[in-house]
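Summary of the model geometry
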Amino acid sequence: MNYAGRMNSFIFKGGSVLDAIRAYKKMNGLTHLEFNYPEHIEGYNLDDIKEAMEGLKVNGFAIRWRDRFTNGDFNNPDEDLRAEAIRICKEGIDICRELGGNVVTLWFENDAFDYPFQIDYEKSWKNLVEGIREVADYAPDMKISIEYKPFEPRNFSLIDSTGMTLLMINDVDRKNVGCTLDFCHMLMKNDSPSYGLAMAASRGKLFGLHMNDGYGRMDSGLIFGSVNLALCLEFVYYLKKYEYQGVVFFDTFPIREGAAEETQANIDVFEKLVELVDRTGMDVIEDVISKCDGVSAQKLILSMLK
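As a starting point, this report considers the structure included with it. (Residues numbered from 1 in each chain as written. Predicted model: local features only at pLDDT ≥ 70, side-chain atom pairs only at ≥ 80, totals over all residues. Heavy atoms only, no water.)

1. Quick look at the overall build of the protein chain
Within the protein chain one finds twelve helices and ten strands. For the protein chain, whose C-alpha radius of gyration is 19 Å, the value lies close to the compact-globule estimate of 19 Å for 306 residues. Each principal axis of the C-alpha atoms in the protein chain carries an extent, and together these give about 60 × 45 × 35 Å. Residues counted as buried form 55% of the 306 residues belonging to the protein chain. Put simply, of all contacts in the protein chain between residues at least 6 apart along the chain, 77% involve residues at least 24 apart. For the protein chain, the exposed area adds up to about 14,100 Å²; of that, 50% sits on carbon and sulfur atoms. Put simply, the protein chain has 34 plus and 49 minus side-chain charges, and the middle of one group is 3 Å from the middle of the other. (Helix = DSSP H or I, 4+ residues; strand = E, 2+ residues; numbered from the N terminus. Rg over C-alpha atoms; globule rule 2.2 N^0.38 Å. Buried < 20%, exposed > 50% of the residue type's maximum accessible area, 1.4 Å probe, protein only. Contact = heavy atoms within 4.5 Å. Areas by Shrake-Rupley, 256 points an atom, 1.4 Å probe, with all protein chains shown as cover. Lys, Arg positive; Asp, Glu negative; His and termini not counted. Charge placed at Lys NZ, Arg CZ, Asp CG, Glu CD.)

2. Describing a negative patch on the surface
A grouping of D47, D48, E51 and E54 is seen on the molecular surface, where their side chains present a negatively charged patch. Here D47 shows up in helix α3 (residues 46-52). (Patch = residues over 30% accessible without salt bridge, like charges linked within 9 Å, V, L, I, M, F, W, Y side chains within 5 Å. Salt bridge = Lys/Arg side-chain N within 4 Å of Asp/Glu carboxyl O.)

3. What to know about the pattern of salt bridges
Enumeration according to the criterion identifies 20 salt bridges in this entry. Notably, a salt bridge pairs R97 with D141, separated by 2.9 Å at the nearest N-O pair. Residue R97 is found in helix α4 (residues 79-98), and its partner D141 is found in the loop between α5 (121-138) and β6 (143-147); the two are separated by 44 residues along the sequence. Here the salt bridges share partners, and the residues they tie into one network are R68, E84, R87 and E91.

Printed below as a string of structure tokens:
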């Protein structure tokens, strides 16, 4: 597997982007970098970033619209801001490509609503479709990946589930548009993580992963496998079934934990779960699944943990 860690895990503790890159280079098993754009690029010389990351690859950029975009990204009622949101995507794509990345993740945190009668739902959906198409057509060589979150910071997101994400992908109708699945976001929606994975991967639309764990009430960002071990085991099995070749990005939030130690803990537990699936055997797991029996499924989990 290919692994990447979260820059902000280090930055929020007082480090710089370059400090984070240097720390990741020392980590066992980490292979790729993920940047937020523009926050992780502004103020830095690209040559300095390239020099610091020597030995690591860039997977992609996640676009962030903050501050003046709180009233909407691709749905901002201010047409100038809407155009700027799309322009920021295109700028991020160009720099991502220059650094060797090929995945640009779009989380529409502000394309959402709080009150009844606040937005026109059909018009808002069409605005998203048109904006994503424009970005996808701008860079057909890049993967444009939609990340959903059911709520936070707004009460309702326009793209709030695996199903709505796949509907958006279908409506946009571009080969280079797919999705990034965030494990905590799926728990918040009460989506089955592996069910969503299977639906996206079987359509060739699983472009990225944000791995973490939590209790489903909020975006906890805990170490992968620390809470929902059985769900995480199942998720790893389906990643192997669909031969996922992308990067596993650990979108976790070490606040009281050391950033380097917490990132390494994510890599170690993921590797362990891969080992458990491999040791059990794909054919054995598939045979249990074919029985459609809960008791057999539970026995399988226990046997994997021996």
